[in-house]
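This is what each chain is made of:
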Amino acid sequence: MWIMRGHDRINNCLPEELIIEIFRRLDTKSSRDACSLVCKRWLSLERFSRTTLRIGASFSPDVFVTLLSRRFLHITSIHVDERLSGSLPPLSPPRKKRRLGMRAGMSVWPSSSNRGNLADKTHSEAESCSLTDAGLTALANGFPKTENLSLIWCPNVSSLGLQSLAQKCTSLKSLDLQGCYVGDQGLAAVGKFCKQLEELNLRFCEGLTDAGVIDLVVGCAKSLKSIGVAASAKITDLSMEAVGSHCKLLEILFLDSEYIHDKGVVAVAQGCNRLRDLKLQCVNVTDEAFSAVGGLCSSLERLALYSFQQLTDKFSDLVPSKGMRAIGKGCKKLKNLTLSDCYFVSCKGLEALAHGCKELTRVEINGCHNIGTLGIEAIGRSCPRLTELALLYCQRIGNSALQAIGKGCKSLETLHLVDCSGIGDKSMCSIAKGCRNLKKLHIRRCYEIGNKGVIAVGKNCKSLTELSLRFCDKVGDVALIAIGEGCSLQQLNVSGCHQIGDAGISAIARGSPQLTHLDISVLQNIGDMALAELGEGCPMLKDLVLSHCHQITDNGLNHLVNNCKQLETCHMVYCTGITSAGVATVVSSCPHIKKVLIEKWKVSERTIRRAGSVISYLCMDL
């Protein structure tokens, strides 16, 4: 069949609007970039359709922003994160050159008297990697339609640049200034010009005071819905009182400050009755504030409390705290609860909250040493809609707690257990039989959980896709064989489970063809046979961690990569049987490989030339 060369059916038949819509439906940036390289028309249309830019620290970012504004005309979201810094070029001596009139042996490397000037120049070059007020002004001029702006750790941006931005980008809806040393004048300008602002993040903004926050709050009172403040010593209760007085639409509040007390939180509770998401890490807030939250914030759906020392259950387990009782009584819509390092909250406090908040779907208890079995039992009795439970570092919780969860929470899908020494096989059997919709099970250092509990999960929880059993010494091959027969996993982590060997991993390989993530590090009984089975049964494998597996050799890697062509990351440090040949095999056989973690001495010069960008070294001196 004769085909005319140069005939372009797509560009001749499809209008620009349809091609742009196709670009918008692409999931990843890499896919969009690939399409933009097809032809000049597609490059132009892809630029036209792009609405988001992400910028890290780079040389002359001010000029970079100007160039971007000429290419992308419809940007509405810009994220500048200077934690993603570009590396400086190495400062190495220049090559010696013979010049006319130069004496033999004279070096062109600067003398000691000039090295200080060279170091100063290097320092100034490092500073040039940071966005300045001039760059922010260029950003405002180039992208006046910006609605979402994040400036993360941009130390050279000041109030001057923020004022210029506010005047030009009046459609701004979301502003994140985390780690920026801006002042009150800049924030006041945002309040004056950006009347549509809905989201504001002021974490680690040490240059701000109450004056700037109040000016912004007053200016954006009719639109502001979300505020975050952390580690800002000069933002106090006065700012929160302004928020309570003016921001009637506020829905989300995050506070991490020792300078905010009951007075500020109570003011927010009194004025912001639409509040639905409250995260607090304020050591000087007491039961009084939470009594107000419980009594006034009936729309609250998410509550996260961190490191509260003055939220207490009086008389230990006999009487619940006034704050917990008020939240349980007033916040009937609460769905998400996090209690982290709240040492003085006891089982009675959690029981009072659970009794009133029957809509809870997610509960996380982290390091609350006075919460034990009775508190979790109360959740099992009162919260039938619970889908996710995380119990971290809870030494006082025993088997009967999870037995109650298995009996009362039939919709549970995710369970996290870390360092819960009182939980064993009996509780896991109850979870397996009662929560048959379980999809994610993550267990770490729960030494009483063994084969019996995991076998029960394999027999009953057919929807399980993620399983992590890190450092569970009593779990062996027989448990993984049951999982392999009953569940089709996508992610598995059995790091540190010393009784697991080739038989268990082989069973997983045969029963989980969709497996994408596998961590078998620190397993001394794993050998090449397991890797061969994985190669045969798990062609979708993307991430593999097999560090400290001394029985694995280059032969096993070769069997694995023959079929696992989707592999993207492979960690294999301290594997004594793997040599430079095995590293070369992985790099050359996996077209999608992005990271290989290995000792430096195991990487040949040829491998470095071939794929140096994907090699990462655990230690440069090994």
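Residues numbered from 1 in each chain as written. Predicted model: local features only at pLDDT ≥ 70, side-chain atom pairs only at ≥ 80, totals over all residues. Heavy atoms only, no water.

**Student:** I tried to follow the pairing of strand E10 (residues 336-340) on my own but got confused; where do I start?
**Tutor:** The side chains of a regular strand alternate, residue by residue, between the two faces of the sheet. The element E10 is largely enclosed, with a buried count of five among its five residues. Residues Asn336, Thr338 and Ser340 point to one face of E10 and Leu337 and Leu339 to the other, with burial holding for every one of them. Where strand E9 (residues 302-306) meets E10, five bridges bridge the pair, whose relative direction is parallel. Across the sheet, the residue bridging to Tyr306 is Ser340, located in E10. Pairing between E10 and strand E11 (residues 362-366): five bridges, direction parallel. Bridge assignment links Ser340 to a residue of E11, and that residue is Asn366. Between the parallel elements E10 and E11, the chain passes through helix H15 (residues 347-356) in a crossover that is right-handed. (Buried < 20%, exposed > 50% of the residue type's maximum accessible area, 1.4 Å probe, protein only. Helix = DSSP H or I, 4+ residues; strand = E, 2+ residues; numbered from the N terminus. Pairing = 2+ DSSP bridges. Right-handed = clockwise from strand over helix to strand, strands pointing away.)

**Student:** Is there a simple way to think about the pattern of salt bridges in this case?
**Tutor:** It is possible for side chains bearing opposite charge to pair when their charged atoms get close. Throughout the structure, instances matching the rule amount to 14 salt bridges. For the salt bridge of Asp277 with Arg302, the shortest nitrogen-to-oxygen distance reads 3.8 Å. One end of the pair, Asp277, is in strand E8 (residues 277-281); the other, Arg302, is in strand E9, with 25 residues separating them in the sequence. According to the relative accessible area criterion, Asp277 is buried, its value standing at 10%. Measuring nitrogen to oxygen at the nearest pair gives 2.8 Å for the salt bridge that ties Arg362 to Glu364. Assigned by exposure class, Arg362 and Glu364 land together as buried. Among the ionic contacts, a cluster of salt bridges with common partners joins Lys348, Glu351 and Arg381. (Salt bridge = Lys/Arg side-chain N within 4 Å of Asp/Glu carboxyl O.)

**Student:** Hey, could you run me through the environment of Lys348 in this one?
**Tutor:** Mapped onto the elements of the fold, Lys348 is located in helix H15. Along the backbone, Lys348 and Arg325 are 23 residues apart, and their C-alpha atoms lie at a distance of 9.3 Å.

**Student:** Looking at this structure, I do not really get the packing of helix H9 (residues 184-193) against helix H10 (residues 210-219). What am I missing?
**Tutor:** The angle between the axes and the distance between the axes are what describe a pair of packed helices. Following both chains from N to C, one finds H9 and H10 inclined at 5°, their axes separated by 7 Å at the closest point. Judged by the angle between their axes, H9 and H10 are roughly parallel. On H10, the residues touching Asp184, Leu187, Ala188, Val190 and Gly191 of H9 are Ala211, Gly212, Val213, Asp215, Leu216 and Gly219. Here the residues of the contact of H9 with H10 sort into six nonpolar, three polar and two charged. (Axes fitted to C-alpha atoms, helices over the stretch in contact; angles between N-to-C directions. Parallel < 35°, antiparallel > 145°, perpendicular 65-115°, else oblique. Contact = heavy atoms within 4.5 Å. Nonpolar A, V, L, I, M, F, W, Y, C, P; charged D, E, K, R; others polar.)

**Student:** Is there a simple way to think about the environment of Glu351 in this case?
**Tutor:** Among the secondary structure elements, Glu351 is positioned in helix H15. Spatially, the C-alpha atom of Glu351 lies 9.0 Å from that of Arg325, the residues being 26 residues apart in sequence. Contacts of Glu351, omitting those with residues within four sequence positions, involve Ala378 and Arg381.

**Student:** What is the right way to look at the state of the cysteines in this model?
**Tutor:** Think of a disulfide as a covalent bridge from one cysteine sulfur atom to another cysteine sulfur atom. Across all of its chains, the model carries zero disulfides by this definition. Between Cys394, a cysteine without a disulfide, and Cys420, which holds the nearest cysteine sulfur, the sulfur-to-sulfur distance is 5.1 Å. Left unpaired, Cys570 is separated from the closest cysteine sulfur, that of Cys590, by 7.7 Å. (Disulfide = S-S within 2.5 Å.)

**Student:** I tried to follow helix H19 (residues 451-460) on my own but got confused; where do I start?
**Tutor:** Along an α-helix, residues three or four positions apart point the same way, because every turn accommodates 3.6 residues. For H19, the complete set of buried residues consists of Gly453, Val454, Ala456, Val457, Gly458 and Asn460. Tucked inside the fold, the buried residues of H19 contact helix H18 (425-434), strand E14 (440-444), strand E15 (466-470) and helix H20 (477-486).

**Student:** Looking at this model, I keep getting lost on unusual backbone geometry. Mind explaining?
**Tutor:** Most peptide bonds adopt trans geometry, and most residues besides glycine take a negative phi value. Positive phi outside glycine occurs at Phe204, with the angle close to 60°. Looking at the element boundaries, Phe204 is found in the loop between strand E5 (199-203) and H10. Assessed through its relative accessible area of 29%, Phe204 is described here as partly exposed. Despite not being glycine, Ser307 has its phi angle at roughly 60°, a positive value. Within the secondary structure, Ser307 is located in the loop between E9 and helix H14 (322-330).

**Student:** Mind showing me how you'd approach a positive patch on the surface here?
**Tutor:** On the surface, Lys407, Lys410, Lys426, Lys433, Arg436 and Lys452 cluster together into a patch of positive charge. With respect to the helices, strands and loops of the structure, Lys407 is situated in helix H17 (residues 399-408). Judged by relative accessible area, which is 70%, Lys407 ranks as exposed. (Patch = residues over 30% accessible without salt bridge, like charges linked within 9 Å, V, L, I, M, F, W, Y side chains within 5 Å. Areas by Shrake-Rupley, 256 points an atom, 1.4 Å probe, with all protein chains shown as cover. Lys, Arg positive; Asp, Glu negative; His and termini not counted. Charge placed at Lys NZ, Arg CZ, Asp CG, Glu CD.)

**Student:** Explanation requested: the packing of aromatic side chains in the structure shown.
**Tutor:** The description of an aromatic ring pair rests on the distance of the ring centres and on the angle between the ring planes. What the rule picks out here adds up to two aromatic pairs. A centroid spacing of 5.2 Å and a plane angle of 75° characterise the contact between Phe290 and Phe308, whose relative ring orientation is edge-to-face. You can see Phe290 sitting in helix H13 (residues 287-296) and its partner Phe308 sitting in the loop between E9 and H14, a full 18 residues away along the chain. Here Phe290 matches Phe308 in class, with each residue buried. (Phe/Tyr/Trp six-rings, centres within 6.5 Å; stacked < 30°, edge-to-face > 60°.)

**Student:** Would you mind going over the side chain of Asp210 with me for this structure?
**Tutor:** Among the structural elements, Asp210 can be located in helix H10. Among buried Asp, Glu, Lys and Arg side chains, Asp210 stands out as unpaired, with Lys263 the closest opposite charge at 10 Å. One polar contact links Asp210 to Thr236, side chain to side chain, over a distance of 2.5 Å. For Asp210, the side chain forms a polar contact with the side chain of Ser239, separated by 2.5 Å. Ignoring any residue separated from it by four or fewer positions in sequence, one finds Asp210 in contact with Lys234, Ile235, Thr236, Leu238 and Ser239. (Polar contact = N/O pair within 3.5 Å; in protein donor to acceptor, adjacent residues only side chain to side chain.)

**Student:** What am I meant to see in the confidence of the model for the protein chain here?
**Tutor:** Close inspection of predicted coordinates is inappropriate in any region flagged by low pLDDT. Looking at the protein chain as a whole, its pLDDT mean stands at 87, while 88% of the residues score no less than 70. Contacts from residues 86-113, a stretch scored under 50 in pLDDT, to residues over four places away or in other chains number 25 contacts. The low-confidence segment residues 121-127, where pLDDT is below 50, has five contacts with residues more than four positions distant or belonging to other chains. (pLDDT = per-residue confidence, 0-100.)

**Student:** Mind showing me how you'd approach the pairing of strand E13 (residues 414-418) here?
**Tutor:** Counting buried residues along E13, four of its five residues qualify, which places the element largely inside the surrounding structure. As judged from the five bridges shared by strand E12 (residues 388-392) and E13, these two strands associate in the parallel manner. Each residue of the ladder has a partner; that of Leu392, found in E13, is Val418. Once the chain exits E12 it traverses H17 before rejoining the sheet at E13, and the crossover so formed is right-handed. Here E13 pairs with E14 via five bridges, running parallel. Within the sheet, the bridge partner assigned to His416 lies in E14 and is His442.

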